[in-house]
Amino acid sequence: MAEETRVVMQDIDVPGMASLDVFVKRGGYLALKKALKMTPDEVIAEVKKSGLRGKGGAGFSAGQKWSFIPKTPGPKYLCVNADESEPGTFKDQMILEFVPHRMIEGAVIAGYAFGATHIFIYIRGEFWKEINIVQKAVDEAYAAGYLGKGVCGSDYSVECTVHPGAGAYICGEETSLLESLEGRRGEPKMKPPFPAIRGLYDRPTIINNVETLATVPAIIERGADWHLSLGTKESPGIKMFSVSGHVNKPGVYEIAYGTNQLDFIETLCGGVSGGKLKAIIPGGSSVPVMPAANCDCPLSYEGLHAAGSMLGSAGMIVMNEHTCMVKMLEVISRFYAHESCGKCTVCREGTHWMTMILRRILRGEGKMEDLDTLKEAADGIEMKSFCPLGDAAAWPVQSFLKHFRHEFVDYIEGRKKMLPKYKPVGTIGHEKLPARAY
Ligand code: SF4
């Protein structure tokens, strides 16, 4: 039976956990004090040994990333990526709102490990409530000596700035985030050089996700072996999943990697609501959709990969048997068309074309060739665009067509019609395809 293993969320229900007083009473900042008694290299070695993987989507080893920072003198930066905005993903928001000090503690430990002189917390602009909560937590941490000159009486000093983003999905990508922090338009940049060598203001920079950093204090406190004892060999530790859609108990859950997906939905999320399970998107809207027949698999990097999808940002969207997959895909595609930064042609044009074709099918004006055109457009974007947003837009289209093609055909052959109450909302530029598309 699936069960929660709360680590980052362990005290999330305690009233007032966002305040320094309550956080410290519950053992907060003890891990930082312990880390400051270790050498920076020992901290990196412990985190490396723990197998902690970045929890923003890419899953790269956190300790290894820190070790890329050169040991040269001068400013070095840590950017906390709190720009969470993948549809279906809302776990970092929980940390920012209810346990911001856990993230700050993890950030200071990381900063100490690789010598950061300044921490920037880049928070999605729409999260005005969380921005205020985190700013208050940062002020408290400064006043108590956990930030600023001589952290906890040690030789290590670090400044911290909370920086609201301007609300662009692409700014969750590392190089776009740095561009935005420097005051420019948030567009991805060519790598190499990687940010660890030339990042913010051309200085060595690490970008870590909120949940990744919030897990670090527990690793320092309990040791790498404890972390390795949870999860699987390739995906050690625990993971927060945000669950939405057709489940009886949507919300955020923290479980060990490797927990069975169907067991998780049944036991912790209260089961599928409104009918039988039809499909799951396990890792935020960008990863391939899984039909119910493939969903009996472990929730780990390797388990989901073997089952034909990805862990992504762990934003699980559950769909029951009454879900219209054509409408679902139109909503997802519209998001990526809206968020494409426009830098490269395949993504800028392709995402709009895919959305417009889907709308045409929904209107009952689709043709069978449209399905080939959709597939061609998605294949033309995948692995041929400048940044991961292109793949994120292509994978849903490819996987929905692969597993639910018959539903698209039903619209095209007139067996299914768009309900009058369903009107695609929002504009993506042109509402009608130009004649040459027909
Ligand atoms: S893939 Fe899309 S979002 Fe990424 S750089 Fe190209 S146009 Fe911009």
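Reading the values: the criteria
- Residues numbered from 1 in each chain as written.
- Predicted model: local features only at pLDDT ≥ 70, side-chain atom pairs only at ≥ 80, totals over all residues.
- Heavy atoms only, no water.
- Helix = DSSP H or I, 4+ residues; strand = E, 2+ residues; numbered from the N terminus.
- Buried < 20%, exposed > 50% of the residue type's maximum accessible area, 1.4 Å probe, protein only.
- Lys, Arg positive; Asp, Glu negative; His and termini not counted.
- Salt bridge = Lys/Arg side-chain N within 4 Å of Asp/Glu carboxyl O.
- Polar contact = N/O pair within 3.5 Å; in protein donor to acceptor, adjacent residues only side chain to side chain.
- Contact = heavy atoms within 4.5 Å.
- pLDDT = per-residue confidence, 0-100.
- Pairing = 2+ DSSP bridges.
- Axes fitted to C-alpha atoms, helices over the stretch in contact; angles between N-to-C directions.
- Near = heavy atom within 4 Å.
- Nonpolar A, V, L, I, M, F, W, Y, C, P; charged D, E, K, R; others polar.
- Core = buried A, V, L, I, M, F, W, Y, C linked by side-chain atoms within 4.5 Å.

**Details of the side chain of glutamate 130**
Inference 1: Mapped onto the secondary structure, glutamate 130 falls in helix H7 (residues 128-143).
Inference 2: No salt bridge is formed by the buried glutamate 130; the nearest opposite charge belongs to lysine 129, separated by 5.7 Å.
Inference 3: For glutamate 130, the side chain forms a polar contact with the side chain of glutamine 93, separated by 3.2 Å.
Inference 4: When near neighbours in sequence (up to four residues on either side) are disregarded, glutamate 130 contacts Gln93, Leu96, Glu97 and Ile123.

**Let's talk about the confidence of the model for the protein**
Inference 1: Chain-level statistics for the protein give a pLDDT mean of 94 and a share of 95% at 70 or above.
Inference 2: A low-confidence stretch, residues 433-438 stays under pLDDT 50, and its non-local contacts, those more than four residues away or across chains, total 14 contacts.

**Details of unusual backbone geometry**
Keep in mind that most residues, glycine aside, have a negative phi and that most peptide bonds are trans.
Inference 1: Across the junction of lysine 191 and proline 192, the peptide omega takes the value -5°, indicating a cis bond.
Inference 2: Along the chain, the position of proline 192 falls in the loop between helix H8 (174-181) and strand E4 (205-209).
Inference 3: Located in the positive-phi region is alanine 314, a residue other than glycine, with phi close to 60°.
Inference 4: Note on placement: alanine 314 falls in the loop between helix H12 (301-306) and strand E9 (315-320).
Inference 5: Despite not being glycine, methionine 383 shows a phi value in the positive range, around 60°.
Inference 6: Turning to its location among the elements, methionine 383 is positioned in the loop between helix H15 (368-381) and helix H16 (388-412).
Inference 7: Look at methionine 383 and you get exposed, because its relative accessible area is 66%.

**Thoughts on the sheet that holds strand E6 (residues 251-256)**
Sheets are built from strands that pair by backbone hydrogen bonding, the pairs being arranged parallel or antiparallel.
Inference 1: Read across the sheet, 5 strands follow the order E6-E5-E9-E7-E8 without closing on themselves; strand pairing throughout is mixed. Edge strands, defined here as strands with exactly one partner in the open sheet, are E6 and strand E8 (290-291).
Inference 2: Of the strands in this sheet, strand E5 (238-245) and E6 are in contact with helix H5 (residues 91-98), which crosses E5 at around 110°.
Inference 3: Packing against the sheet, H16 makes contact with strand E7 (277-281) and E8, and its axis sits at approximately 150° to E7.

**Thoughts on the environment of glutamate 349**
Inference 1: Here glutamate 349 is to be found in helix H14 (residues 345-362).
Inference 2: Residue glutamate 349 is classed as partly exposed on the basis of its relative accessible area of 36%.

**Topic: the site of the ligand**
Inference 1: In the vicinity of the ligand lie 13 residues, with Cys341, Lys343, Cys344, Cys347 and Cys387 positioned nearest.
Inference 2: Grouping the amino acids of the shell around the ligand by side-chain chemistry returns 8 nonpolar, 4 polar and 1 charged.

**Side note on the pattern of salt bridges**
Inference 1: Counting across every chain of the model gives 30 salt bridges.
Inference 2: Between arginine 124 and aspartate 83 there is a salt bridge whose closest N-O contact spans 3.9 Å. Within this pair, whereas arginine 124 is found in the loop between strand E2 (118-123) and H7, its partner aspartate 83 is found in the loop between strand E1 (77-82) and H5, the two being separated by 41 residues in sequence. An identical accessibility class is assigned to arginine 124 and aspartate 83; each is buried.
Inference 3: Residues lysine 416 and glutamate 407 are paired through a salt bridge, measuring 3.9 Å at the closest nitrogen-oxygen approach.
Inference 4: A relative accessible area of 6% means that glutamate 407 is categorised as buried.
Inference 5: Linked by salt bridges that have partners in common, Lys91, Asp92, Glu211 and Lys239 make up one network.

**Observations concerning the nonpolar core**
Inference 1: In this structure, Trp66, Ile119 and Ile121 are the most contacted members of the largest nonpolar core, which totals 68 residues.
Inference 2: The element contributing the most residues to this core is helix H6 (residues 100-114), with 9 residues.
Inference 3: Not counting residues within four places of it along the chain, the set of residues in contact with isoleucine 121 comprises Val80, Met103, Val134, Val138, Cys160, Thr161, Val162 and His163.

**Here's the deal with the pairing of E7**
Inference 1: Within E7, 4 of the 5 residues are buried, which leaves the element mostly enclosed by the surrounding structure.
Inference 2: In the sheet, E7 pairs with E9 via 4 bridges, with the strands oriented antiparallel. Each bridged residue has a counterpart across the sheet, and for alanine 279 the counterpart in E9 is methionine 319.
Inference 3: Where E7 lies against E8, 2 bridges are found, and the strand directions are antiparallel.

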